[in-house]
Amino acid sequence: MEKISYDVAVIGAGAVGCAAAYTLAEYEMSVCVIEKEADVASGASGRNSAVSHAGFNSKRDSRAAHYCVRGNRGLEAVCRRFNVPFKKTGKLIVAMDESDIDGLYKLVADGEYNGVDGLSIITAGEAAEYAPGIPCVGAMMSSNTAIFDPFRYAIALAENAAVNGVTFFFESPVSSITNINGGFAIKAGGHDIRTRYIVNAAGLFSGEILRMAGGTYYPIYPCRGEYYVLDKKSKAKLAIPVYPVPKPGIGGLGVHLTPTTGGNIIIGPSAEYIDDPEDYACTREVMDNLISEAKILFPAINQKDIIRSYSGIRAKLVSSGGFGDFIIGEDAKVPGMFNLIGTESPGLTSSLPLAEDIVGMIVQKCGVRHKSESRIKTRMLETPFNRLTDGEKHEKIKTDPLYGEIVCRCENITKAEIIHAIENPLGVRTLAGIKYRTRATMGRCQGGFCLTRIAAILTREYGMKPEEITYRGKGSELLAGKTK
């Protein structure tokens, strides 16, 4: 097994790990990212409500509140820089009856204490102007809440890190970490990686990674949230996220409704503590309850409009619905081990400021220099073909006729876009990787039309064997072999 050396190894390629890799790539040091899955954002970072939170739900004087407010203020500029879909919609927290009104005022007070701008109490009539068809007796408006695409956000950070020299090791679960000569030896997926510093951004497994290195052990309590996705053609239309007033002790913010940048509405999540940190099941009882609660918030929702379900798992530091704050910094027992633990919601919103501060700690310790601006490359994501004007589409097709060939009918994704996704800088060639880079298979038919066409491109034009095609990497092969 060949030994490979880096100055810094980031463990975990969720939003926080990708943000750390992106930030580290600006310095004169060698960096790698170690990820057990086949692509970035395969855990909680790609299984959530896709909201940039403002910070009013975070506990006063907490690190979560501090980083959430910082992240919310800077996220739009980052998304614009890399062409990541982002929309500042605002958010409504609705009081369903008079008993909820005090909760609205508490949220405003907590938010203002945390430094959140743009919070106000509005009447039921004013709420109806933002979200027609939502019954309530009053609401709180958070004007700085936004929606964005968490997949493309993590992909943009990771791809920009990659074009600036960061190496990604996918399908490489960490099996051991040994302290050696002021650094670490990491065994991961057949690789023997030597590094001076580790950034532990392993999400649900961050406590175990730190324990493996001999550090302070923080148990992580998995809390599963299940979701539904509505068809874009649903008659239930919503332009702004709508949340109920949070109930204490449930482990989340309650079942809410969130429009996406892709045009769907997401229902969820539930909140259920489970034993297995990788049990992404969607369960009948919970899903039935989601619909019941969603219809209370928005009676126009029709169960027939559901096109998909999914679940995500929060990495909580408490075993009940209480509050566990982010754990950030160098471990006292393991010098050189820099941890980002318990970064559940609002961890996605907070990802870049968390990364900036943890990288700042490393830079201060080793004194490494920042690269000159001329040496830092910027890679913008491609604007989806279906969002171009007719004139822009014609020019694209003139440049490359493959823009004139539709592969995904529901989302109007072209063959050129599929090919560009396959040829991504990270080397990811899973169907999910193509899906999250293009939205192919995310429409009404959920891949019924385009899945076989994408598979044909992978086999005929990229030489993959049919049985090598996977949905999310090893263990998710679509085909076992020929029948005759």
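Residues numbered from 1 in each chain as written. Predicted model: local features only at pLDDT ≥ 70, side-chain atom pairs only at ≥ 80, totals over all residues. Heavy atoms only, no water.

Enquirer: Report on the packing of helix α5 (residues 150–163) against helix α8 (residues 347–366), specifying residues and quantitative values.
Expert: The interhelical angle for the contact between α5 and α8, taken along N-to-C directions, is 15°, at an axis separation of 12 Å. Judged by the inter-axis angle, α5 sits roughly parallel to α8. Where α5 crosses over α8, the two elements pack in a sense that is left-handed. Only L348, S351 and L352 of α8 make contact with α5, whose side of the interface consists of P150, Y153 and L157. Of the residues that constitute the contact of α5 with α8, the class distribution is five nonpolar, one polar and no charged. (Axes fitted to C-alpha atoms, helices over the stretch in contact; angles between N-to-C directions. Helix = DSSP H or I, 4+ residues; strand = E, 2+ residues; numbered from the N terminus. Parallel < 35°, antiparallel > 145°, perpendicular 65-115°, else oblique. Left-handed = near helix turned anticlockwise from the far one by under 90°. Contact = heavy atoms within 4.5 Å. Nonpolar A, V, L, I, M, F, W, Y, C, P; charged D, E, K, R; others polar.)

Enquirer: Lay out the sheet that holds strand β3 (residues 51–52) in plain terms, naming residues and giving numbers.
Expert: Read from one edge to the other, the open sheet built from three strands follows the order β3-β8-β4, with strand pairing classed as antiparallel. With one partner strand each, in any of the chains shown, β3 and β4 (86–87) form the two edges of the open sheet. Of the strand pairs in this sheet, β4 and strand β8 (residues 146–148) are connected by two bridges, and their pairing is antiparallel. Bridged to F86 within β8 is F148. (Pairing = 2+ DSSP bridges.)

Enquirer: Go over the nonpolar core with me, naming the residues and quoting the values.
Expert: V40, Y153, F168 and V199 are the most contacted members of the largest nonpolar core, which totals 60 residues. Take this core: its biggest share by element is nine residues, from α5. Sequence-distant contacts of V40, that is, excluding residues within four places in its chain, are made with A13, C18, A154, I155, A158, F168, F170 and L426. If you look at the next biggest cluster of nonpolar residues, it comprises 28 residues, including I11, I209, V334 and I341. (Core = buried A, V, L, I, M, F, W, Y, C linked by side-chain atoms within 4.5 Å. Buried < 20%, exposed > 50% of the residue type's maximum accessible area, 1.4 Å probe, protein only.)

Enquirer: Quick one: what's the story with α8, residue by residue and with numbers?
Expert: Here α8 contains 20 residues, and its C-alpha end-to-end distance of 27 Å stays within 8% of the 28 Å for a straight helix at 1.5 Å per residue. Of all the bends in α8, the greatest, near 35°, is centred on P353. (Expected span 1.5 Å × (residues − 1). Bend = angle between axes of the 7 residues up to and from the residue.)

Enquirer: Describe the pattern of salt bridges, with residues and values.
Expert: Considering all chains together, one arrives at 29 salt bridges under this definition. Here D357 makes a salt bridge to R70, at a shortest N to O gap of 3.0 Å. Placement of the pair is D357 in helix α8 and R70 in helix α2 (residues 63–82), with a sequence separation of 287 residues. Owing to a relative accessible area of 25%, D357 belongs among the partly exposed residues under this scheme. R70 gets classed as partly exposed once you look at its relative accessible area, which sits at 30%. A salt bridge links E461 to K415; the nearest nitrogen and oxygen atoms lie 2.6 Å apart. Taken together, the residues E461 in helix α12 (residues 451–462) and K415 in helix α10 (residues 415–422) connect sequence positions 46 residues apart. We classify K415 as buried; its relative accessible area is 12%. Put simply, D39, E159, R379 and R437 are held in one network by salt bridges that share partners. (Salt bridge = Lys/Arg side-chain N within 4 Å of Asp/Glu carboxyl O.)

Enquirer: Quick one: what's the story with helix α3 (residues 101–114), residue by residue and with numbers?
Expert: Since the α-helix turns once every 3.6 residues, residues separated by three or four places project in the same direction. Taking 1.5 Å per residue, 14 residues should reach 20 Å; α3 reaches 20 Å between its end C-alpha atoms and fits that length. Every buried residue of α3 is accounted for by I101, L104, L107, V108, D110, G111 and N114. Considering only its buried residues, α3 is in contact with α2, β5 (91–95), β6 (119–122) and β7 (138–142). Remark: G115 follows α3 within two positions and exhibits a positive phi of approximately 95°.

Enquirer: Requested: an account of the pairing of β5, with residues and values cited.
Expert: Here β5 lies mainly inside the structure; five of its five residues are buried. Going residue by residue along β5, you find K91, I93 and A95 tucked away on one face and L92 and V94 tucked away on the opposite face as well. In this structure, β5 lies alongside β7, joined through five bridges in antiparallel fashion. The partner of L92 across the bridge, within β7, is M141. Two elements, β5 and strand β14 (residues 242–244), share three bridges in a ladder whose sense is parallel. Counterpart to L92 in the pairing with β14 is V242.

Enquirer: A description of the pairing of strand β20 (residues 337–341) should follow, citing residues and the corresponding values.
Expert: Put simply, side chains in a regular strand alternate between the two faces of the sheet. β20 sits mainly inside the fold: five of its five residues count as buried. By the bridge criterion, four bridges tie strand β19 (residues 327–330) to β20 in an arrangement that is antiparallel. When the sheet's bridge partners are listed, G329 is paired in β20 with N339. In sequence, β19 turns back onto β20 through a hairpin of six residues, with G336 there showing a positive phi of about 95°.

Enquirer: Lay out the environment of I307 in plain terms, naming residues and giving numbers.
Expert: Tracing the backbone through its elements, the reader meets I307 in strand β18 (residues 306–316). In this structure, I307 is in contact with V229, L230, D231, N264, M442, G443, R444 and Q446, ignoring residues within four places of it in sequence.

Enquirer: I'd like a description of unusual backbone geometry, backed by residues and values.
Expert: Along the chain, G268 connects to P269 via a cis peptide bond; the corresponding omega equals 5°. Inspection of the secondary structure puts P269 in the loop between β16 (265–268) and β17 (272–273). That bond from S345 to P346 is cis: its omega, 15°, falls within 30 degrees of zero. One can find P346 in the loop between β20 and α8. Its identity is not glycine, yet E171 carries a phi of approximately 50°, on the positive side.

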